[in-house]
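Letter by letter, the chains look like this.
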Amino acid sequence: MIDQPARGRSAWQPDIDGKLTAFAAERIEQLFTAPETLGNWPQAKKHTQWPGSGRIGDPVFDAFYATQVQYLADVVPTERVPPDARSFRLRSPAW
């Protein structure tokens, strides 16, 4: 398993990797844990996969949100870096 560079505890160089960002708790609710509240698509009302309410203040949501890490704000390096890291690791000798 390879860590995605510049994410979580991986090394991050602002001059090389770029700016970091993170989802606000409200955005996590909208996208992942309580999409039925917005009704952005017809099936959103059927969202039943999240334990608890999926809302801020729910213990399960709060524990999940505590695990979220910053990520690269620019999509292009985010998509480019992991394949580069994998190819480098595959060429490196196993220690």
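Anything mentioned here points back to the structure above.
Just so we're clear, the structure is a prediction, and the values are computed from it rather than from any experiment.

Asks: If you had to explain the pattern of salt bridges to someone new, which residues and values would you point to?
Replies: Once the charged atoms of two side chains with opposite charge are near each other, the side chains can pair. Tallied over the full model, the rule gives one salt bridge. Here Arg-55 makes a salt bridge to Glu-29, at a shortest N to O gap of 3.3 Å. In this pair, Arg-55 sits in the loop between α2 (25-33) and α3 (59-66) while Glu-29 sits in helix α2, placing the two residues 26 residues apart along the sequence.

Asks: Requested: an account of the packing of aromatic side chains, with residues and values cited.
Replies: Note on aromatic pairs: each is described by the distance of the centres and the angle between the planes. This structure, assessed with the given rule, holds four aromatic pairs. Note on Phe-23 and Phe-32: the rings are 5.9 Å apart at their centroids and 75° apart in plane angle, and the pair reads as edge-to-face. The class for Phe-23 is partly exposed, based on a relative accessible area of 30%. With a centroid separation of 5.4 Å and an interplanar angle of 45°, the aromatic rings of Phe-23 and Tyr-71 are classed as tilted. A residue pair is termed long-range when its members are at least 10 positions apart, and Phe-23 in the loop between β1 (20-21) and α2 and Tyr-71 in strand β2 (residues 71-72) qualify at 48 residues. Through a chain of ring-to-ring contacts, the aromatic side chains of Phe-23, Phe-32 and Tyr-71 assemble into a single cluster.

Asks: Please provide a residue-by-residue account of the packing of α2 against α3, values included.
Replies: Running from N to C, α2 and α3 point in directions that differ by 110°, and their axes come no closer than 11 Å. Taken together, the axes of α2 and α3 lie roughly perpendicular to each other. Across the interface between the two elements, Ala-25, Ile-28, Glu-29 and Thr-33 of α2 pack against Phe-61, Phe-64 and Tyr-65 of α3. Here the residues of the contact of α2 with α3 sort into five nonpolar, one polar and one charged.

Definitions and cut-offs
Residues numbered from 1 in each chain as written. Predicted model: local features only at pLDDT ≥ 70, side-chain atom pairs only at ≥ 80, totals over all residues. Heavy atoms only, no water. Salt bridge = Lys/Arg side-chain N within 4 Å of Asp/Glu carboxyl O. Helix = DSSP H or I, 4+ residues; strand = E, 2+ residues; numbered from the N terminus. Phe/Tyr/Trp six-rings, centres within 6.5 Å; stacked < 30°, edge-to-face > 60°. Buried < 20%, exposed > 50% of the residue type's maximum accessible area, 1.4 Å probe, protein only. Axes fitted to C-alpha atoms, helices over the stretch in contact; angles between N-to-C directions. Parallel < 35°, antiparallel > 145°, perpendicular 65-115°, else oblique. Contact = heavy atoms within 4.5 Å. Nonpolar A, V, L, I, M, F, W, Y, C, P; charged D, E, K, R; others polar.

Read these as spatial facts, not as claims about activity.
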